[in-house]
Amino acid sequence: MAPDYRCREGTEQMDERTSGTNETNAEMGTDFLREAVKEDLKSGRFQQVHTRFPPEPNAYLHIGHAKALWIDYGIAQDFGGLFNLRFDDTNPTKEEQEYVDAIIEDVKWVGANWDDRLFFGSDYFAQTYLWAIELIKKGKAYVCDMTPEDMNACRGTITEAGKESPYRNRPIEESLDLFERMKTGEFPDGTRTLRAKIDMASPNILMRDPVMYRIRHVEHHRQGNDWCIYPMYDFAHPLQDSIEGITHSLCSLEYEIHRPLYDWFLVELGIYRPRKIEFARLNMTYTVMSKRRFIELVDGGYIDGYDDPRLPTLAGLRRRGYTPSAIKEFCKRIGVAKTDSTVDVAVLEDCVREDLNKSTPRVMAVMDPVKVVLTNYPESQVEELDVINNPEDPAAGTRKVPFARELYIEREDFREDPPPKFFRLAPGREVRLRNAYFIKCENVVKDASGEVVELHCTYDPATRGGDAPDGRKVKATLHWVAAQQALPSEARLYDHLFVKPNPDDVEEGQEWFANLNPDSLKAVTCFVEPSVKDAAPGTRYQFERTGYFCVDKDSTPCKLVFNRTVTLRDSYAKHEKAAKG
């Protein structure tokens, strides 16, 4: 923490809209934020970079927070600086220890390291209170008795000045007395506030005598009942940054209008002033990034909690199978901009595909099975075949996979009357079973409704391992599982939460709920090779030719549950390309 709160040399505010590009390089980024940091170090304004990530403990973090976190933490790393995790816990009506614990878990998981610098804004309440008293004594703050409704009515508009509170020129001693009595709990909620005395005619509405403190007789998750007055964000945030010696207070673009107020408090108090810079927040297609909408989705029963794998919360992404390294790569690819834009979710999906392709073991799983009976294979025989775990990683080694007379293959890998360019299994056609044998379809068995229920095939024992000694070739290789040894499991096939890239793109009279995707989750029974039987929740696999999957927390020893993280290819891009002709 910074021991001296008083004003330091070299803290004159610069123009945050000057230099910088949206480019990055492989080492240290060259986006406009890093250019600003370089300027400050070069000029001597700051000697060491010190950033912070200041979440409010009133919700779960989402992918947008991950972007902000990697900006804060990444810049500290790039410049050999310090990084704080600080909870902005100044609103006891919405904050809970549950969120504190979840945020700590998420920040650790993403990969940020705050060392011993875990802080809580509420721990600065005593100093914040003393600074409020100082502003009252300087004639820069006053206790106001207006109701919230009257205060809003007097605030004015963008084109019309506000009206001064009748309590604006209340004697300093009276405001000091009332503020002390507010602190001791004498007044009920909503009856009085402490307001900054700035300018009711300011073109920036936030500068029109903003509220600094309000009365809340509510137990605080950390401070208990020690306080019944709580500082507003706009007052507390700059003070917290100053106390901790933050050099660069990096915020999303909607806080740009707050910057003059941020500076005003620090200048009037004569205390250390960080440089506040804003960047564009993350918006992404086919999802929402609003805490309010998360609540509506959960409370409305559209999803199964804040860690639902369809949500962009970090808890949801983790449960779905996303990796910290994929999220870090995503944040690097999208860069840092000064203007809002929307990122295609396909960028995030490509990042996790690339990461999982390198790191996950392959297994075979059949989603929609049709039975194959090898009529010339010994009935009681079960072989164990050696199968490579990950062709991208030789160090991953091999595993044993059972092979037997009765197998399952994907129903879509067979056509009784194959169309042109369909090279998979068909009557009289030979294909390769991955890492096993060539098989040839000899007969098709159907039920009374005409549905195919079994394929009677023969296998060539000489092709064990997947190659024919006589050099003949096949045009398709299929994955499979041994029917008796495979594990019946549940596969949750997740898709985009919304059917349109912009959920707000609705017909007149409709709400964004109208764009919810009814097929965002399909649960099917699949059959997985037995090598995964002891897989713990969070274990990731590539189901060959299908997609990447992660073991869900709902799994039991009797029934594994797999969440589809992402398909092997971007099916949406394929469909859009086909639609364009």
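Refer to the structure above for everything that follows.
Computed from a predicted structure; not experimentally measured.

(A) Representation of the sheet that holds strand 17 (residues 406–410) in the model. If you trace the seven strands from one edge of the open sheet to the other, you get 21-18-19-20-14-17-22, paired in mixed fashion. On the outer flanks of this sheet lie strand 21 (477–478) and strand 22 (481–482), each paired with one strand and no other. Bridge analysis of strand 18 (residues 430–433) against strand 19 (residues 438–446) gives three bridges, and the strand direction is antiparallel. Residue Val431 lies in a different strand from strand 19, and its bridge partner there is Ile439.

(B) Representation of the layout of surface pockets. By volume, the second largest pocket amounts to about 700 Å³. Those elements that place two or more of their residues in the lining of the second largest pocket are strand 1 (50–53), helix 2 (63–78), helix 7 (233–243) and strand 8 (248–252). A per-element tally of the lining of the second largest pocket places helix 2 first, with five residues. When grouped by side-chain class, the residues that make up the lining of the second largest pocket number 14 nonpolar, six polar and eight charged.

(C) Looking closely at the packing of helix 4 (residues 125–137) against helix 7. Packing of helix 4 against helix 7 brings their axes to within 11 Å, and their N-to-C directions diverge by 115°. As the angle between them shows, helix 4 and helix 7 are arranged roughly perpendicular. Helix 4 and helix 7 meet at a crossing whose hand is right-handed. Across from Gln127, Thr128, Trp131, Ala132 and Leu135 in helix 4, the residues of helix 7 making contact are Phe235, Leu239 and Ile243.

(D) Region of interest: the packing of aromatic side chains. Tallied over the full model, the rule gives 26 aromatic pairs. On the basis of an interplanar angle of 20° and a centroid distance of 5.4 Å, the ring pair of Tyr60 and Tyr306 is categorised as stacked. You can see Tyr60 sitting in the loop between strand 1 and helix 2 and its partner Tyr306 sitting in the loop between helix 9 (291–299) and helix 10 (314–320), a full 246 residues away along the chain. By relative accessible area, Tyr60 is classed as buried at 18%. Residue classification places Tyr306 among the partly exposed residues on the basis of a relative accessible area of 21%. Taking 5.2 Å as the distance between ring centres and 70° as the angle between the ring planes, the aromatic pair formed by Phe179 and Tyr213 counts as edge-to-face. Pair noted here: Phe179 is in helix 6 (residues 172–183) and Tyr213 is in strand 6 (residues 211–215), with a separation of 34 residues, a long-range link. What makes Phe179 buried here is its relative accessible area of 1%. Taken together, the ring pairs connect Phe125, Tyr129, Phe179, Tyr213, Trp227, Tyr230, Phe235, Trp264 and Phe265 into an aromatic cluster. When the ring centre of Tyr129 is taken as reference, the NZ or CZ atom of Lys183 above it lies at 5.4 Å. One Lys or Arg, Arg318, reaches over the ring of Trp109 and ends 5.1 Å from the middle of that ring.

What counts and what doesn't
Residues numbered from 1 in each chain as written. Predicted model: local features only at pLDDT ≥ 70, side-chain atom pairs only at ≥ 80, totals over all residues. Heavy atoms only, no water. Pairing = 2+ DSSP bridges. Helix = DSSP H or I, 4+ residues; strand = E, 2+ residues; numbered from the N terminus. 1 Å grid on protein atoms, 1.4 Å probe; cavity = no way out; pocket = protein on both sides within 12 Å on 5 of 7 lines; lining within 4 Å. Points joined across faces, edges and corners; volume = space filled by probe spheres on them. Nonpolar A, V, L, I, M, F, W, Y, C, P; charged D, E, K, R; others polar. Axes fitted to C-alpha atoms, helices over the stretch in contact; angles between N-to-C directions. Parallel < 35°, antiparallel > 145°, perpendicular 65-115°, else oblique. Left-handed = near helix turned anticlockwise from the far one by under 90°. Contact = heavy atoms within 4.5 Å. Phe/Tyr/Trp six-rings, centres within 6.5 Å; stacked < 30°, edge-to-face > 60°. Buried < 20%, exposed > 50% of the residue type's maximum accessible area, 1.4 Å probe, protein only. Lys NZ or Arg CZ within 6 Å of the ring centre and 35° of its normal.

Coordinates in, geometry out; function isn't part of it.
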